[in-house]
Amino acid sequence: GESVGLHLPTLSVQEGDNSIINCAYSNSASDYFIWYKQESGKGPQFIIDIRSNMDKRQGQRVTVLLNKTVKHLSLQIAATQPGDSAVYFCAEKFGNEKLTFGTGTRLTIIP
Amino acid sequence: DAMVIQNPRYQVTQFGKPVTLSCSQTLNHNVMYWYQQKSSQAPKLLFHYYDKDFNNEADTPDNFQSRRPNTSFCFLDIRSPGLGDAAMYLCATSRPLGQGRYTFGSGTRLTVV
């Protein structure tokens with residue numbers, strides 16, 4: 001069946017550097033994508049979303065890039081801080097279907 | 001602030017003893033979801049309510065039930081918890097299906113002893 005997957009399960013980044021978390025999706029019909037951040041012992045927290053009619057969207061220190069040609073989604077975090085350490089999930093949706101979550105990437109910020 | 005609130009944050013229950021987890025929301029969202037999440041895995045959808053309409057996922061065990069007495073509250077009942085049911089249980093809400101963003105509560109960590 002269709003699924004959302006991540007290239008890397010773990011990522012370590014030096015504090016202050018930029019980080020890029022990647023996500024591959026397989027349903028070419030998906031029209032909505034979202035990134036969540038989940039800190040230890042907490043629920044997922046919305047970071048940023050993007051619709052399929054866009055290829056880039058920026059938030060505060062975060063940018064999501066969507067490449068529909070290769071079905072790839074990425075989350076860029078600028079100037080990482082210790083508080084960015086968490087598990088990051090991408091998720092996709094098609095129309096009225098439910099959100100499908102990827103397996104998650106654990107981001108560790110090295111002081 | 002409008003939010004999704006889950007109680008309790010931590011719940012310990014005995015093997016086989018029924019347990020209920022609760023979720024409330026002030027967002028007035030039509031849809032409420034219950035997810036099970038085991039360590040560092042993606043949340044797994046158990047079921048959801050669209051208003052009063054209950055929608056069960058095909059692979060959700062019968063041991064898991066849910067109630068939604070009104071728009072604001074939703075409960076997860078585990079009739080006979082097993083050791084394999086120990087997990088984080090997440091409640092989420094959204095506007096009607098088709099609207100993307102889900103708002104999650106902080107979760108209830110269930111331990112079965």
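Residues numbered from 1 in each chain as written. Chains lettered and ligands numbered in written order. Predicted model: local features only at pLDDT ≥ 70, side-chain atom pairs only at ≥ 80, totals over all residues. Heavy atoms only, no water.

Engineer: Please provide a residue-by-residue account of the pattern of salt bridges, values included.
Structural biologist: All names here are of chain B. Here the structure, examined in full by the defined rule, presents 5 salt bridges over all chains. Two residues, Asp59 and Lys44, come together in a salt bridge whose shortest N-O distance is 3.4 Å. With a gap of 15 residues between them, Asp59 in the loop between strand 6 (53–56) and strand 7 (64–67) and Lys44 in strand 5 (residues 44–50) connect regions that are remote in the sequence. Where Asp77 meets Arg67, a salt bridge forms, and the shortest distance between an N and an O atom there is 2.7 Å. Remark: Arg67 occurs in strand 7 and Asp77 occurs in strand 8 (residues 73–78); sequence separation between them is 10 residues. Look at Asp77 and you get buried, because its relative accessible area is 14%. Judged by its relative accessible area of 39%, Arg67 falls in the partly exposed class. (Salt bridge = Lys/Arg side-chain N within 4 Å of Asp/Glu carboxyl O. Helix = DSSP H or I, 4+ residues; strand = E, 2+ residues; numbered from the N terminus. Buried < 20%, exposed > 50% of the residue type's maximum accessible area, 1.4 Å probe, protein only.)

Engineer: Can you break down the interface of chain A and chain B residue by residue, with the values?
Structural biologist: Taken together, the contact pairs 21 residues of chain A with 21 residues of chain B. Note on chain A versus chain B: buried area summed over both sides is about 1,600 Å², and carbon and sulfur give 55% of it. A per-residue breakdown of the area chain A buries against chain B is headed by Pro44, Lys98 and Phe101 of chain A, which together make up 29% of the total. For the pair chain A and chain B, the number of links is 1 salt bridge. Between Glu57 of chain B and Lys98 of chain A there is a salt bridge, with its nearest N and O atoms 3.4 Å apart. Linking chain A with chain B are 7 residue pairs in polar contact (both at pLDDT 80 or more). Of all the secondary-structure elements, those providing two or more residues to the side of chain A that touches chain B are strand 4 (32–38), strand 5 (45–51) and strand 9 (86–93) of chain A. (Contact = heavy atoms within 4.5 Å. Buried area = accessible area lost by both parts, 1.4 Å probe. Polar contact = N/O pair within 3.5 Å; in protein donor to acceptor, adjacent residues only side chain to side chain.)

Engineer: If you had to explain the nonpolar core to someone new, which residues and values would you point to?
Structural biologist: Counting 20 residues, the largest nonpolar core has Ile21, Trp35, Leu73, Leu75, Tyr88 and Leu107 of chain A as the members making the most contacts within it. Mapped onto this core, the elements with two or more residues apiece are strand 2 (10–14), strand 3 (19–25), strand 4, strand 5, strand 7 (62–67), strand 8 (72–77), strand 9 and strand 11 (105–110) of chain A. Once residues within four sequence positions are removed from consideration, Leu73 of chain A is found in contact with Ile21, Asn22, Cys23, Phe33, Trp35, Ile50, Val64, Leu65, Leu66 and Cys90 of chain A. Cys23, Leu46, Cys74 and Leu76 of chain B belong to the second largest nonpolar core, which has 18 residues in total. (Core = buried A, V, L, I, M, F, W, Y, C linked by side-chain atoms within 4.5 Å.)

Engineer: Help me get a handle on the side chain of Ser94 of chain B, residues and values and all.
Structural biologist: Note on placement: Ser94 of chain B falls in strand 9 (residues 87–94). With residues up to four places along the chain from it excluded, the contact list for Ser94 of chain B reads His29, Asn30, Val31, Tyr33, Arg101 and Tyr102 of chain B.

Engineer: Describe the pairing of strand 11 (residues 108–112) of chain B, listing the residues and the values that go with them.
Structural biologist: All names here are of chain B. Burial of strand 11 is one-sided: the residues Thr108, Leu110 and Val112 facing one way are buried, the residues Arg109 and Thr111 facing the other way are not. Examined bridge by bridge, strand 9 and strand 11 share 3 bridges and lie antiparallel to one another. Across the sheet, the residue bridging to Met88 is Arg109, located in strand 11. (Pairing = 2+ DSSP bridges.)

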